[in-house]
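One-letter residues, chain by chain:
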Amino acid sequence: MRKFGARLLAAGLMLCGLLAACAAPPSPVSELRYGLTLVPTGLDPHINASSELGIPLRSVYDTLIFRDAQGRFVPGLARAWTISTDGLSYTFSLRAGVSFHDGTPFNGEAVRINLERILNPETKSQKARFMLGPLTRVEVLDALTVRLSLSEPFAPLLDALSQPYCGMASPTALAHWGDADYQFHQVGSGPYRFAEYISGDHLTLERNSDYAWGPSIYSNRKAAVERIIFRFYADPATRAPALLSGEADVMGELPPQDALRLQQDPSFQLMPVPIPGQPLALYFNTQSPPTDDLSVRQALIASAGRQAIIDTIFGGLSPVATSPLSSSTWGFVEVVPSAQDTARAETLLDEAGWQRTPSSEWRVRDGTALTVEVVIPPWGFNPQVGQMLEQQWEAIGIRVNLTQVASFAGLREAQAAGKYNLLSINLSGADPDLLRPFFVSDGSYNLARVADAQLDTLFGEAARATDPAERLQLMAEAQQRVAALALVLPVRDYVNLNVARAGVQGLSFDAQGWFPLLIDVSLKQP
Amino acid sequence: MTSRPSPPRLASLMTQDPRVRRTPWIALAWLAIVLLGGMLSAGAALNVPFESLAPPSPIHPLGTDLLGRDVGLRLLAGGLRTLRMAAAATLIAATLGSIWGLVAGHAGGWLEWLLVHANDVLLSVPGLVLALVVIAALGQHEATIILAVGLGGVGSYARLARSAAAETSHRPFVMAARALGAGEVRLLQHHVFPNTLEALSAYALLHFGWALVNSASLTFLGLGGAPSIPDWGQMLNESRLVFLSAPWLAAAPGTALALTVLAVQRLGEWVGKP
Amino acid sequence: MSLRTFLRRILGSLATIGLVTTLVFFAIRLSHIDPLAALLGQGLASQAQAAEMRAALGLDRPLLQQYALFLSGLVRGDLGRSLFDGQPVARAIAQSMRFTAPLALSAWLLAIALGLTLGSLASRASAWEAGRPVRWLARLTGALLVLGTSTPVAWSGLLILWAAVPLLTGLHPGPVRDVAQLALPVLTLGIASGCSLGRVAEAGLARARREPFFIAARARGVGPLWRLEWSALRTTLAPVISMAGVEAAFLLGGTMVTETLFARPGVGRLLVESILRGDFPLVQAIVALMAAGYALFNLLADVLASSLDPRLREEAE
């Protein structure tokens, strides 16, 4: 039966060739290859929450309104809008003549279907639902007018409606594919149509040549690049090689050392973009000793050399964070001075009874060494930041146990178990309301395990205040209160280090910082 | 990295080579350096920062890493941890594998059938994959990595032990002891085990190299759990982030790992020579 | 290998894979990681939502009942959906296989070719009839083989990656580029695996050169040099290829590291990521797949070896 073996072998070899052929995509002309950094859990903007998904989807969907670079709201699919004086009702007049990529016309009914999809508990929205807050009812007044009714005033609503998470999708496609599969077959009305998504591998967008209703934040009326292919480079070390070898034209979140190197290379351009939201920050557990003691928390903050961390790890490319909000966020006030003050830290610890003794490397009180448990995720240079903090704190006699968990799941698990003194989690977003779940007593991200009546009131009132000036005032007070309680050690304002080939022109980012305005990108062939 | 099974066949073929009969002085010296260096560096301050990413110089012979720590010191301390993990893993594999294989080979009958087939199930999953499953089940700690790599190696060890035991069990002196009324446990303990010891210990050294690379692979993949305790796999992983600016950071743990595996392999061949 | 032996081998492998899947199913549920944390983590989903999802996925039921559900799904050909991104497990694996299958198979074939060539060269180190330059070259190859077997692929892959970056820069997107990108991880794995096969071949060939048949053939002067070499090589071909079956375990494990290094979304990386995320349905399917892949490589190796060496054929039958 020798022949049988030979045939089997031949079949195997053919299969191998076939598979190799499948893996090779065709190469078109005007194509941009864009490197994404995190594989999102899902890509449905109404359901999923990753900030990565907005990078491609910002250009697939139009939103009712847009936010310009200064943070002002400008018309999008809504020509104009009015807000009732009690802040409970928003009326939008919609643009006529807009159609989705599948030909379905855009109208008031489409707005109602989209927003009700997000509100419907069956949809299990992880982000958009929360962004819409107390929105209760969507009424279609006529074909091109809709009214949104709220149960209480909610300032962040306009920001929510300007984000791709509340993008307007074709009602036909939503109904056809259902919640589980819509993410693979998305249909919007934006400058690019969603062509193909292979989870974890690539996502392809193709130019929508019928696009004629772009908001004023877009410089181009029509997209210049015909096709954009997004690929995932989850491992930071693979990003610079992908750019250098010509595998990708644009890439975000370059490791700072690589970004600085590529900046010196004339065939690349570095575009650092500050990301509004939270800085890289560690939250103190106020329930677990020794960080249940205010002076220990203050000492840990004072002895952290944040400027040294920025210089060493981030190549000086990001500012030191001085608040639970990053400095590019609307409503930011500086509340945690950036200077390192080890003398003050030592005094605070001495006064709190944590004394240096000749017999031990560590400060001791009642026979126990001063030990803090630090839990960090593997991304965003958290391990390096954790190790530098470890160096700095060990220098003043604080023992540090640094634990690295593998995933977001691990962080949430540590949060639930409560066995940490400091934990690092950060989210991004242009609206300061994102701090609320972190500091109100029943918040889902209450890592500090704090229950402070003043914080609850301040954050609650800030969310209801529709007057921007009043809101700014409340947010400032909230940040000051957080700093007074020493609930958080802010380290570094997030700056997204984007690097593009020199031939990529016109790349800019929206108010959220993460999302590129792809319609304005053009390619100069080398 | 390798999850190379180093099966008995490889060992037996290689010992034919006349080169392996010479005493491996260089290999022994290298292992002594790694061990002694690791012990001496145990008390040193590994976390003291100097200039970030300094190239090799007389003060820092292997340069410094991103956080300004001396790479040479971390290499020495990391070597000890890497060796310790591999040694513990080998011990687990050798103990479990030997018992499994000896019992199977000596017992025969249905017990052998059962154990052999159970072992086939274990062997049907590549060692590194098996190790990952163990880590998935038990979490990421040094102890889990040891257990994971150890269990990943049990299969091939058991197979070797079984064939050695099966052969010994049929030799006249064992049969004679049984005829004289020795119990089965006693037979295994006093007659079968001592006679397979040589083959098993030679294989342990070959297996040690495998365990070394696999435990480093797991920490390389970021499963070590403790970033501030140095380890060669982890150092190799960290170095990738700054490879463009400081390639020497990758060279140190990469070369050290290769040399150590080489030395251990050489030692194994020498011990296993006929 | 006869058709009957072949079928028996396949049945045996299927039974083993079934057992492996069962073991993994239970082992992984010992895990302390909450699989839903990943799903909910990036958003602000409430506890009530989490409980609802848990119920929908059957994660709140007793273990044995979950296992029964899993088996009944398996019988219907339904491997379930990923807990992470909700796509069917079969689709996720099929997509990543497009990257891993060409990598593993090409690396395996490269390893066999490289192993035989380098092994045959290195085996001439002590062949006194060879000239001095040949002996030196052979010795150098021997040293390279030893170095190759002990260099971890995380290190060699890093070197290959950075060495290739300037070479790839000039290539435009297209088939040539894709092949070049596939070549890097193939080289990394193929060289590492080829070196260890090379050592087996070297040892076998060195022994063959001392055998009477070889010495006699050389004394008789059997035609051109390649025929002489072939007569020695034939005797070692079968063990080298059987060994290559065992080496497949190394290749499959190695894909985890190389796919991470070269940013290829293949099965190896999918496994590492799924484990980190606690994505149980994917983990158990991939482990079963790796076991199946390993069995396939071994079968392939045995078919190859038995078609090369008549003695093995008789043994098997």
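Residues numbered from 1 in each chain as written. Chains lettered and ligands numbered in written order. Predicted model: local features only at pLDDT ≥ 70, side-chain atom pairs only at ≥ 80, totals over all residues. Heavy atoms only, no water.

(A) View of the overall build of chain C. Each helix and strand counted, chain C has 13 helices and zero strands in total. In chain C, 74% of the contacts between residues at least 6 apart in sequence involve partners at least 24 apart. Accessible area of chain C: about 12,900 Å², with a carbon and sulfur share of 69%. (Helix = DSSP H or I, 4+ residues; strand = E, 2+ residues; numbered from the N terminus. Contact = heavy atoms within 4.5 Å. Areas by Shrake-Rupley, 256 points an atom, 1.4 Å probe, with all protein chains shown as cover.)

(B) Looking closely at the overall build of chain B. Helices and strands together make up the secondary structure of chain B, namely ten helices and zero strands. Counted from the first residue to the last, chain B has its helices and strands arranged as α-α-α-α-α-α-α-α-α-α. When each of the 274 residues of chain B is scored for burial, the buried share is 58%. Considering only contacts in chain B between residues 6 or more positions apart, those separated by 24 or more positions represent 72%. For chain B, the computed accessible surface area is about 10,700 Å², with 71% contributed by carbon and sulfur atoms. (Buried < 20%, exposed > 50% of the residue type's maximum accessible area, 1.4 Å probe, protein only.)

(C) Region of interest: the interface of chain B and chain A. With 20 residues of chain B at the contact, the number on the chain A side is 25 residues. Of the roughly 1,900 Å² buried at the junction of chain B and chain A (both faces included), carbon and sulfur atoms supply 57%. Among the residues chain B hides against chain A, the three largest losses belong to Leu67(B), Leu241(B) and Leu244(B). Together they make up 35% of the total. Where chain B meets chain A, there are one salt bridge. Where Arg240(B) meets Asp235(A), a salt bridge forms, and the shortest distance between an N and an O atom there is 2.8 Å. Taken together, the connections running from chain B to chain A amount to two residue pairs in polar contact (both at pLDDT 80 or more). Looking at the side of chain B that touches chain A, its residues break down into nine nonpolar, seven polar and four charged. (Buried area = accessible area lost by both parts, 1.4 Å probe. Salt bridge = Lys/Arg side-chain N within 4 Å of Asp/Glu carboxyl O. Polar contact = N/O pair within 3.5 Å; in protein donor to acceptor, adjacent residues only side chain to side chain. Nonpolar A, V, L, I, M, F, W, Y, C, P; charged D, E, K, R; others polar.)

(D) Highlighting the interface of chain B and chain C. Taken residue by residue, the interface counts 46 residues in chain B and 52 residues in chain C. Around 4,300 Å² of area is buried between chain B and chain C when both sides are counted, 74% of it from carbon and sulfur atoms. Scanning the region where chain B abuts chain C turns up zero salt bridges. Put simply, chain B and chain C have one residue pair in polar contact (both at pLDDT 80 or more) between them. Listing elements by their share of the side of chain B that touches chain C, those giving two or more residues are helix H1 (8–14), helix H4 (109–123), helix H5 (127–138), helix H8 (184–220), helix H9 (232–240) and helix H10 (248–271) of chain B. The dominant element in the side of chain B that touches chain C, judged by the number of residues it contributes, is H10(B), at ten residues. Tallied by class, the residues present in the side of chain B that touches chain C amount to 30 nonpolar, nine polar and seven charged.

(E) The sheet that holds strand E16 (residues 371–376) of chain A, seen in detail. All names here are of chain A. The strand order E17-E16-E18-E13-E19 describes an open sheet built from five strands, whose pairing is mixed. Pairing within the sheet leaves two strands with one partner each, and these edge strands are strand E17 (399–404) and strand E19 (488–492). On average, each strand axis in the sheet is inclined to that of its neighbour by 20°, with strand direction left out of account. Where E16 lies against E17, six bridges are found, and the strand directions are parallel. Residue Val-372 lies in a different strand from E17, and its bridge partner there is Val-400. Against the sheet, helix H9 (residues 294–302) touches strand E13 (280–284), E16, strand E18 (422–424) and E19, its axis set at about 160° to E13. Against the sheet, helix H13 (residues 408–417) touches E16 and E18, its axis set at about 150° to E18. (Pairing = 2+ DSSP bridges. Axes fitted to C-alpha atoms, helices over the stretch in contact; angles between N-to-C directions.)

(F) Local environment of a negative patch on the surface. Residue and element names in this part refer to chain A. On the surface, Glu-461, Asp-467, Glu-470 and Glu-477 cluster together into a patch of negative charge. Looking at the secondary structure, you find Glu-470 in helix H16 (residues 468–484). You can call Glu-470 partly exposed: its relative accessible area is 41%. (Patch = residues over 30% accessible without salt bridge, like charges linked within 9 Å, V, L, I, M, F, W, Y side chains within 5 Å. Lys, Arg positive; Asp, Glu negative; His and termini not counted. Charge placed at Lys NZ, Arg CZ, Asp CG, Glu CD.)

(G) Structural context of unusual backbone geometry. Residues and elements named next belong to chain A. In this structure, Pro-290 follows Pro-289 across a cis peptide bond, with omega equal to 5°. For Asp-366, which is not a glycine, the phi torsion comes out positive at approximately 50°. With respect to the element layout, Asp-366 can be found in the loop between strand E14 (364–365) and strand E15 (368–369). The exposed category is assigned to Asp-366, whose relative accessible area is 77%. Here the phi dihedral of Ala-486 falls at roughly 50°; this positive angle occurs in a residue that is not glycine.

(H) Main features of the packing of aromatic side chains. Residues and elements named next belong to chain A. Throughout the structure, instances matching the rule amount to 20 aromatic pairs over all chains. Geometrically, the ring pair formed by Phe-66 and Tyr-218 is edge-to-face, given 5.9 Å between the ring centres and 70° between the ring planes. Taken together, the residues Phe-66 in strand E2 (residues 65–67) and Tyr-218 in the loop between strand E9 (202–207) and strand E10 (227–232) connect sequence positions 152 residues apart. Look at Tyr-218 and you get buried, because its relative accessible area is 2%. (Phe/Tyr/Trp six-rings, centres within 6.5 Å; stacked < 30°, edge-to-face > 60°.)

Treat this as a map of the structure, not an account of what it does.
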